[in-house]
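# A structural walkthrough
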Amino acid sequence: MASIFKNILPKLISLPRAQFVRKPYISQFCLYSTAPSLTHYEIVDHKADDEKRNLFKSEIVRKINETVQNKKQLFAVVHVAGKQFKITGGDIIVIEGYWPPDAGDKITLDKVMLVGAREFSLIGRPLIQNDLVKVEATVIEKSVSHTKTHFRKKRRKQYQRINFYRIPRTMLQINNIKFVGELDNPPDVTEAKNRQM
Amino acid sequence: MSNTSLIFKPSFIRNPSQNGLGRYVCQLQRLVLKFCKNNGSSRGMREFIEEDLIDFAKSNSGIVVYLKPRRHRTAVITAEYLNGDKQWINCRNFTKVEILKWLNLLKTQQGDTTGTRFLKLQHTEIPSIQGPWTPYTFRPPSLNLTNFPEESISKLSEKTSATKELLELYEQQKMKSKGTNL
């Protein structure tokens, strides 16, 4: 029992100081268990590295903010209706399949996976920071594709079918891509007013 | 190459009128609904005209709707667009709902798309912003000044392999468990 305490106590003491504590409650529960190994989670103290990393990060963030203020052409990878498109302002994309927005609707594409300019690119995991970038688009056409033929035939089996179909298509004009949020400063998660279905 | 490419005219997507860059303008200008007053094949068209046409015309004030009764001919919709396209749809034995559906399609289209086949579903004026990738992009600029062959760069990396690392971890765990069992 004493050996268990020996293992636990230094970890418990280091709790408030530690920067990245993954599931600290597990180590507390383990006080009552007799298992030999406590948990496979480790308490990692990154404090020493943090200052260096923060300095490095703040410099990058500052440089990106500078280039953003120059209003240079941005590009983004957005996820729309199951497909990913690399777009810039002024592009036209066509979305295939049933998609509710009607012609003339002005929409924003919120699933932004990557945004970049000539000097930098921000890569999301999988999406970039909430409300950082606004991708505005207008639906300019709801149409159907050309008639496609689905022809099946089995030789020597007197089997032959022919079907014709057309796929609904939506044409989107990308108006612009711009920074609206602050980099490295995401808004609160509790705010959900613009995400109601 | 299939015969599809012979039947349909290939084209790229484009937006010559720059529609949607400022505001959106409905491209459908004129609709002519042709029908027979007593033939059964234009019954759906007659129903549509009696019940839904007024609502349709009111909600789309930018579209001019003409009615053209003609004896013993099938029902037909003709649509004219801002770009001069004229589209013709045979509405023989169509129901009221089907006609409304086709009219909504015509309303949201930019022109007659029936005879064309898009080669690409994306159009851009700026194909690349960061430029094409080369073997020298994202490399440290210090490489510009080094004389090759350089020994410090070409030597083997001293990283331990993942297998070795796992084995070491395993050994460590063994030692730990032995220590706590005592």
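Residues numbered from 1 in each chain as written. Chains lettered and ligands numbered in written order. Predicted model: local features only at pLDDT ≥ 70, side-chain atom pairs only at ≥ 80, totals over all residues. Heavy atoms only, no water.

Moving on, we come to the overall build of chain A. Counting its regular elements, chain A contains three helices and ten strands. Moving toward the C terminus, one meets the helices and strands of chain A in the order α-α-α-β-β-β-β-β-β-β-β-β-β. Taken over 197 residues, chain A has a buried fraction of 33%. Counting contacts in chain A only where the partners sit at least 6 residues apart, residues at least 24 apart contribute 66% of the total. For chain A, the exposed surface amounts to about 13500 Å²; the carbon and sulfur share of it is 54%. (Helix = DSSP H or I, 4+ residues; strand = E, 2+ residues; numbered from the N terminus. Buried < 20%, exposed > 50% of the residue type's maximum accessible area, 1.4 Å probe, protein only. Contact = heavy atoms within 4.5 Å. Areas by Shrake-Rupley, 256 points an atom, 1.4 Å probe, with all protein chains shown as cover.)

Bringing the UniProt feature "domain: Ribosomal protein/NADH dehydrogenase" (unreviewed entry) in chain B into the picture now. Within this structure's numbering, the places UniProt gives as "domain: Ribosomal protein/NADH dehydrogenase" (unreviewed entry) are residues 37–110 of chain B. End C-alpha to end C-alpha, residues 37–110 of chain B measures 31 Å, and it is 39% helix and 23% strand. (UniProt positions renumbered as here; feature names shortened; annotations may be inferred.)

Turning our eyes to something else, we now look at helix H4 (residues 96–108) of chain B. Over its 13 residues, H4(B) extends 19 Å from the first C-alpha to the last, a length consistent with the 18 Å expected when each residue adds 1.5 Å. Those residues of H4(B) that fall on the buried side of the exposure criterion are Ile99(B), Leu103(B), Leu105(B), Leu106(B), Lys107(B) and Thr108(B). Along its buried surface, H4(B) packs onto strand S7 (133–144) of chain A together with strand S2 (28–35), helix H2 (43–51), helix H3 (53–59), strand S4 (76–81) and strand S5 (86–90) of chain B. (Expected span 1.5 Å × (residues − 1).)

Further remarks concern the side chain of Lys107(B). In this structure, Lys107(B) sits in helix H4. Here Lys107(B) is in contact with Tyr24(B), Cys26(B), Leu28(B), Phe56(B), Asn60(B) and Ile63(B), once residues within four sequence places are set aside.

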